[in-house]
Structures are given as C-alpha cells and as structure tokens.
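Now for the letters of each chain:
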Amino acid sequence: MSKIESQIEPIKLPKTSESDQLKRIRHTTSHVMAMAVQKLFPKAQVTIGPWTETGFYYDFDSPDPFTEKDLKAIKKEMIKIINKKLPIIREEVTREEAQKRITALNEPYKLEILAGIHEPITLYHLGDQWWDLCAGPHVENTQELNPQAIELESVAGAYWRGDENKAQLQRIYGTAWETPEQLTEYKRRKEEALKRDHRKLGKELGLFVFADVVGPGLPMWTPKGTIIRTVLEDFLKKEQNKRGYLSVVSPHIARVDLFKVSGHWQKYKDDMFPMMADDQASADLEQGFVLKPMNCPFHIQIYKNELRSYRDLPMRLAEFGTVYRYEQSGELGGLTRVRGFTVDDSHLFVTPEQLDEEFLSVVDLILSVFKSLQLKNFKARLSFRDPESDKYIGSPDAWDKAENAIRRAVSHLGMEYFEAPGEAAFYGPKLDFIFHDALEREWQLGTVQVDYNLPERFDLEYVGEDGNRKRPVMIHRAPFGSLERLIGILIEEYAGDFPIWLSPVQIRLLAVSDDFLPYTKEVASQMLLQGIRAEVDTSGERLGKMIRNAEKQKIPIMAVIGEKEKEAQTLSIRTRAEGDLGVISVDDVINRLITAISTHEKF
C-alpha cells in the first residue's frame, strides 16, 4: 500500500439514528419524493413516509403500478423541486383545522393517521406547493439537499398498517446522503451484499431449499447444509459439556395453559401460531395446544419435576430446540427471518449468590464461540426495560436486581457497551452481542438474560443450606441464537468461503485421468476414516475444468493426483486461500487437515 493510499480514510456511512443531519435530509427527501409522485400521478394518495437506517420510503395508494421508468421520472421531478430552493415551513394547527384541510384534499389515509397523533399537530410545507402531517425534523430549505447524493432504489408492495387484511399499497424505497461519495460507497456495499446474499450463495452451494408447497419461512436443509448445522451443534455441545451443561429434549407443542403461566400467551400471542383446539367450545375457552415459541417453560417443568437442593445448583439445562413464530409473510427473508428455527437454548437455575459467577461463565462461553467462528467486530448491548412501557411482567425491584447483575458483569469484564431501554424481553433484561459484518451491517447473535420473574410465576424453589425453601434465579442464554440466522450471517460474512472446520467438503481429490481414480478413492477413504470430509471428483472432466468447478463451489482444498503423486504417495495441493502449495505427502496432508479442523485454524 502506498503512503497516499494509507492516508485515505474509509468512507463512513452512519445510520440515520446516529446522525441528526441525515435524519433531516432523509425526512425532507421523502417529502420531496411524495410531492413529485403526486405531481406526476395526481390520483396517488400518500400514507406514511418515515426514514429508515439507510434511507427512507413512502407508501402510496395509486391505481396504476409504479415501474422502474416511473422511478426515473420521479427522480427528475425531485431534482426540479430541489432546485426551486423551497423553504421548509413548520405550521402548528388544531386537530379540527388539520381535519378540515385533509378532507379538502380527499386524503383518507391522512385522516386515519391524524386520529392517532397526539398534540401538538404539525404540518410541514414545501414552500406553498405541498404539505403533509409530520413531526419532523427537516432541513430549512430544499437547496440543502444534494441531488447527486439521492437515489430511488425500488418499488415493493406493502399493506396499510402492515395488516394483510387491509389495502395493498406501493412502497417506494430511496436513500439520501450528505455527499455523492457516501452514496457511491453505499451503492458499492449494496452490490457486494448482492454477491454475498446467503439466499443466492445458499442455492449455488446447495445448502438449503425453500418450497412453496411446504410454506414460506420453512427452510429444508440439504446434506451439505446439514453438515454445517451438525458441525456447529457438535462444537457447541462439546463446549457445553466441558462446562457442566445437561442436554434435554422437549416437545414441539404444549397446552396453552403453559404459556399463560409464563406470560407468552398474554404478551406474545400475535406472534404465535394459532391454537389447535378439539372443537369450537374448547377454542372459546382457550383450551388447546400451540406450537412452542420458546423453550424456557419446558426446561422449567424439567427443573420443577422434583424438589432441588442448593447442592444441585447451578443446574444448566441445554437443548437445540426448534421453535415457531408466526412471522408476517412480508417480513420473511431467507434464513435470517423464518417461521421455524432452532435455538441453542439453555436455562441455568442458580442461587442468587451464584448469579454473578455463572453469568460471567456464560459470557466467556459466548466469546469463545465467536473466536472459533472468526467473528471479531461486535459490541455489547444492555437491553433493559422501558419504565414507561406496560409490556413487561414482574416487579420493579426484580428488574432492578436483574439489570444490576448485568451491569456488574460488563463492568467486571471491562467490556464496551451501550444501554438500550425498551429492548428487554418481557420477562427480563438481556446482554446482547451485536455483530458488525463485512458490510458494516448489524446482527444480533449471542444473548444472555437474567430472569427473576419466571421463577416467581412458576413458583420454583430449592432447599437452601439452612433448610428453608428459596427461589432460584434463571439465566437464559443462546450463544448462536437462531441456527438458521447464524448460518445465513456466516454465509454472507465468509462470502461462502467457510473455514475448513465448517466447510461441508474440506478437500476434493482430482485425478488427472480415470487411470488414477482407484488410487484417488483409496486416499479419500483414508481421509474419511480420520473424520475428514473428502470427496473425489468423478466427473471425467479435464483437470482445468475440475479445478474451476471446485473453486466455484468454494471448496477450501484441492488435491491433484497423477502418476508422480501415486508413485510417491503425495498430493499436489492447491487452496482457495493461498493458491498452489506444491507437493505434500499424503500423511502430512492428513495430519495438517486434522490439526486445522481440531484447532479451527487454517490448513
């Protein structure tokens, strides 16, 4: 790298929530877009137009579908509006005045929005030419917007209020930045994201499939994809066994009553699949079964099956349990948002005195998992309750104790963290690990939760050292989170180039001609006996084509076998990471592979 290149700072792309100026720019640009749409399509009615973390969108009810050609026309009209240097004027009005003006415009969606707005009611005008209900903020004049830093990206369908039983709208997505350079970098990252898209790579690498006849959000794993899942599960089970975890298995359904006690039915019902009842009378009485959205109530029942002593604690129950969430079809996305997924769930039942030590031990496990997965760019989020919200269960005292335990842990570890009020689970606060991927996108992976409330609701007890009945504390933890989401994230982070220990095929053996296939298969058999995932290319293609095919399928190591290799019992090794490594003995290749797999390192 030259001195000049080393001095070039990477272009930062802050999220909207991190930049007041971007918030103003994007909010204003969305209004400019809506004004342009209504100038070009007078029958289009506007609904909502919020900013997103990377841009903005506006939903429209229009009799005609918008096309890519329309987006270009809308962008041209937006530039004309911006160049008019229109002042952005804030006006505060009474509810009656707002209703009068909206009715005059014949905008029924705005009337519905108005009904849900609390005072003060504000309108924002673009000069004297267009206005909308809005709380702001905005720039002071359209001349502050840079047309060369604005892009209209796509059109998608959306339901009004996100309800599939309501009107279908058209959503125009856009992005806006302070500088053209930021827009260029954003577009570059988007293009790279398309190349890394786990849905695309998953299909090309043959890892998983979706089928309409099965249903949206329900992935099926191929043999290669199943290898990745199994390796991840075996890896974590091994680490858990070292730390005294006990494996359990729970059913996929349960009575509604179980989730009424836990509070999931009251707080989480809309995200659960509908209840299965024997008849309408049972349904009316809410007597039936549901697919489980969480594993914790089952583990609680295993704990509660017998009276525990303080000598039995901590008790660490672990399960790779599949749960089901009734996600809206429009919110599903490959493996990262599905309706059935497997959680590396564990619930620890501890005495209050054991809480801090066990919490730290869980964090240590999570950090070791991240190290093995080569995930380094993450931060800690303390997901606490919002005292103003009524979505949480339990007493303020229980919440304070749980939140303080998490604060003590991150303080002891010296971790950088930020607090996020309102992000807690309804039964307890969490320490979440937020991972930044290769494209600076954020994903939540590992999580640890402290819970005083479910032990109270289920009346859990243990016999203390003094012989009295006492209440345990629960720790909920999942280093992977959803296996499906984790694998989707890993596919994109690695761009399909899995490290050797995770790769479905670790080495492919290539015979230069069919004459050497028998020996090549013998070598593969030796490797398979050592637990190495080796396969032989039996396609009969020319060597160059076999190498290209292996590269395309992102196999980490290729071994070429010809006359010289057979006679000397060697392999000509080529890796995706480092290219040609030359001739290495079969025994050395096997030993190096075993070491790389067991240590999670390179070959």
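What counts, and where the lines are drawn
Residues numbered from 1 in each chain as written. Predicted model: local features only at pLDDT ≥ 70, side-chain atom pairs only at ≥ 80, totals over all residues. Heavy atoms only, no water. Pairing = 2+ DSSP bridges. Helix = DSSP H or I, 4+ residues; strand = E, 2+ residues; numbered from the N terminus. Contact = heavy atoms within 4.5 Å. Axes fitted to C-alpha atoms, helices over the stretch in contact; angles between N-to-C directions. Core = buried A, V, L, I, M, F, W, Y, C linked by side-chain atoms within 4.5 Å. Buried < 20%, exposed > 50% of the residue type's maximum accessible area, 1.4 Å probe, protein only. Salt bridge = Lys/Arg side-chain N within 4 Å of Asp/Glu carboxyl O.

A. Main features of the sheet that holds strand β6 (residues 150–159). An order of β1-β2-β7-β6 is seen for the four strands of this open sheet, with the pairing classed as antiparallel. Sheet topology places β1 (45–46) and β6 at the edges, where each strand pairs with a single neighbour. Bridging between β6 and strand β7 (residues 168–176) involves nine bridges; their strand directions are antiparallel. Across the sheet, residue Leu152 finds its bridge partner in β7, namely Gly174. Strands β6 and β7 of the sheet are contacted by helix α6 (residues 180–196), whose axis makes an angle of about 50° with β6.

B. Molecular detail of the nonpolar core. Counting 83 residues, the largest nonpolar core has Leu232, Leu373, Phe480, Leu502, Ile507 and Met527 as its most contacted members. Dropping the residues within four chain positions of it, Phe480 is found in contact with Leu232, Phe235, Leu236, Phe320, Asp344, Val369, Leu373, Leu445 and Leu486. In this structure, Phe41, Ile81, Val139 and Leu145 belong to the second largest nonpolar core, which totals 31 residues.

C. How the structure looks around the pattern of salt bridges. Going through the model one piece at a time under the given rule, you end up with 44 salt bridges. A salt bridge links Asp364 to Arg243; its shortest N-O distance comes to 3.2 Å. Note that Asp364 is positioned in helix α13 (residues 355–372) and Arg243 in the loop between α8 (223–242) and β10 (246–247), a separation of 121 residues in sequence. Taking relative accessible area as the criterion, Asp364 reaches 45% and is therefore assigned partly exposed. Notably, a salt bridge pairs Arg308 with Glu306, separated by 3.8 Å at the nearest N-O pair. Arg308 sits in the buried class, given a relative accessible area of 10%. For Glu306, a relative accessible area of 47% translates into the label partly exposed.

D. View of the sheet that holds strand β21 (residues 469–470). In spatial order, the strands read β13-β20-β21; together these three strands make up an open sheet with mixed pairing. Edge positions in the open sheet fall to β13 (308–309) and β21, since each of these has one partner strand only. Pairing geometry for β13 and strand β20 (residues 462–463), over two bridges, is parallel. Opposite Arg308, over in β20, you have Tyr462 as the bridge partner.

E. Quick peek at unusual backbone geometry. The residue after Gly136, namely Pro137, is reached through a cis peptide bond having omega 5°. Residue position: Pro137 is located in the loop between β5 (130–133) and β6. The peptide bond linking Leu313 to Pro314 adopts the cis configuration, its omega dihedral lying at 0°. Counting through the fold element by element, Pro314 comes out in the loop between β13 and β14 (315–324). With a phi angle near 60°, Asn106 is a residue other than glycine that sits in the positive phi range. Summarising the element assignment, Asn106 is placed in the loop between α4 (95–105) and α5 (108–115). Accessibility expressed as a relative area gives 56% for Asn106, which makes it exposed. In this structure, Lys554 takes a positive phi of about 55° despite not being glycine. Within the element layout of this structure, Lys554 appears in the loop between α18 (543–552) and β25 (557–561). By relative accessible area, Lys554 is classed as buried at 19%.

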